[in-house]
Amino acid sequence: MNPLHHELCTLIDREHSRAQADRIIAWVGTSQPRFDALLALVLGPEKRRAQRASWPLSECAIAHPRLVRRHLPALLEILSRKGLHDALRRHIFRLLQFIDIPPAHHVAAASAAFDALGSPGDPVAVKVCAMTVLHRLAAFFPGLEVELRHLVGEQLPRQTAAFHIRARQLFGGSLAEP
């Protein structure tokens, strides 16, 4: 077993808490090999480890976007998997909110975000992150904002306060329910 993988698994398995996530984030730091080891757990077959690793992964990617850049295709692909734990979806969309998505990945990111935002089964935390990703991508695609406003407006009557707050943050008072 790879020593980095073994050390990281020990950290991940110890506990699932903010303090432990912070220890993992500090362990990764700016190290590409350590980030890659963390990502391998997110992409790996062990669901519990993947779920636990997704939180520090998103924090590391937000703090050091260069670490995640080459892994965007794999992260976008994982979003299309059926049965993916909500924590993984939430944290991947969360990091996508804060990084500059290269143009080569705009369509895949927009497609995944529209799927999540339009899915009745996705939790609100996933939806609001997907909404933000789409809002940021709308700067590159003129028709995207109209489509996004329509989809968000359709959902407003049956969504939570968190959804309403994010919609107001992104669109101000200019978003009317249909």
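Whatever comes next refers back to the structure up there.
Cut-off values and rules
- Residues numbered from 1 in each chain as written.
- Predicted model: local features only at pLDDT ≥ 70, side-chain atom pairs only at ≥ 80, totals over all residues.
- Heavy atoms only, no water.
- Axes fitted to C-alpha atoms, helices over the stretch in contact; angles between N-to-C directions.
- Helix = DSSP H or I, 4+ residues; strand = E, 2+ residues; numbered from the N terminus.
- Parallel < 35°, antiparallel > 145°, perpendicular 65-115°, else oblique.
- Left-handed = near helix turned anticlockwise from the far one by under 90°.
- Contact = heavy atoms within 4.5 Å.
- Nonpolar A, V, L, I, M, F, W, Y, C, P; charged D, E, K, R; others polar.
- Disulfide = S-S within 2.5 Å.
- Buried < 20%, exposed > 50% of the residue type's maximum accessible area, 1.4 Å probe, protein only.
- Expected span 1.5 Å × (residues − 1).
- Salt bridge = Lys/Arg side-chain N within 4 Å of Asp/Glu carboxyl O.
- 1 Å grid on protein atoms, 1.4 Å probe; cavity = no way out; pocket = protein on both sides within 12 Å on 5 of 7 lines; lining within 4 Å.
- Points joined across faces, edges and corners; volume = space filled by probe spheres on them.

Right, let's get into the packing of helix 2 (residues 18-28) against helix 4 (residues 47-63). Interaxial distance between helix 2 and helix 4 falls to 9 Å at its minimum, and their mutual angle equals 50 degrees. Accordingly, the angle class assigned to the pair helix 2 and helix 4 is oblique. Considering only the axes of helix 2 and helix 4, their crossing is right-handed. On helix 4, the residues touching Arg18, Ala21, Ile24, Ile25 and Val28 of helix 2 are Trp55, Pro56, Glu59 and Cys60. Looking at the contact of helix 2 with helix 4, its residues break down into seven nonpolar, no polar and two charged.

We now examine the state of the cysteines. Within this structure, the stated rule accounts for zero disulfides. Residue cysteine 60 stays outside any disulfide, its sulfur separated by 15 Å from that of cysteine 9, the closest cysteine. Judged by its relative accessible area of 1%, cysteine 60 falls in the buried class. Not part of a disulfide, cysteine 129 finds its nearest cysteine sulfur in cysteine 60, a span of 17 Å. Given the relative accessible area of 7%, cysteine 129 is considered buried.

For an α-helix the count is 3.6 residues per turn, leaving residues at separations of three or four pointing the same way. An ideal rise of 1.5 Å per residue puts 18 Å on 13 residues; helix 6 (residues 86-98) measures up with 19 Å between its terminal C-alpha atoms. For helix 6, the set of buried residues is Ala87, Leu88, Arg89, His91, Ile92, Phe93, Leu95, Leu96 and Gln97.

Looking now at the environment of aspartate 115. Within the fold, aspartate 115 resides in helix 7 (residues 106-118). For the pair aspartate 115 and alanine 130, spaced 15 residues apart in sequence, the C-alpha separation works out to 8.8 Å.

Where charged atoms of side chains with opposite charge meet at close range, the side chains can pair. Within the structure shown, the criterion is met by eleven salt bridges. One salt bridge in this structure joins arginine 23 and glutamate 15, with 3.5 Å as the shortest N-O distance. Residues arginine 49 and glutamate 46 are paired through a salt bridge, measuring 2.6 Å at the closest nitrogen-oxygen approach. Under the relative-accessibility criterion, arginine 49 is labelled buried at 17%. In this structure, a network of salt bridges that share partners links the residues Arg18, Asp22, Glu59 and Arg94.

A separate point is the layout of surface pockets. Space inside the largest pocket adds up to approximately 260 Å³. Going through the elements one at a time, helix 6 and helix 7 are the ones with two or more residues in the lining of the largest pocket. Per element, the largest residue contribution to the lining of the largest pocket is five residues, and it comes from helix 7. A breakdown of the residues in the lining of the largest pocket according to their chemical character gives seven nonpolar, four polar and six charged. Computed from the structure, the second largest pocket encloses a volume of approximately 220 Å³. Along the wall of the second largest pocket there are 16 residues; nearest its centre are Lys47, Gly83, Leu84, His85 and Leu88. Going through the elements one at a time, helix 3 (32-43) and helix 4 are the ones with two or more residues in the lining of the second largest pocket. Of all the elements, helix 4 adds the most residues to the lining of the second largest pocket, at four residues. Its residues assigned to classes, the lining of the second largest pocket shows seven nonpolar, four polar and five charged.

Another aspect to go through is the side chain of threonine 132. Relative to the helices and strands, threonine 132 resides in helix 8 (residues 124-137). What makes threonine 132 buried here is its relative accessible area of 12%. Apart from the residues within four sequence positions on either side, threonine 132 is in contact with Gln97, Arg166 and Leu170.

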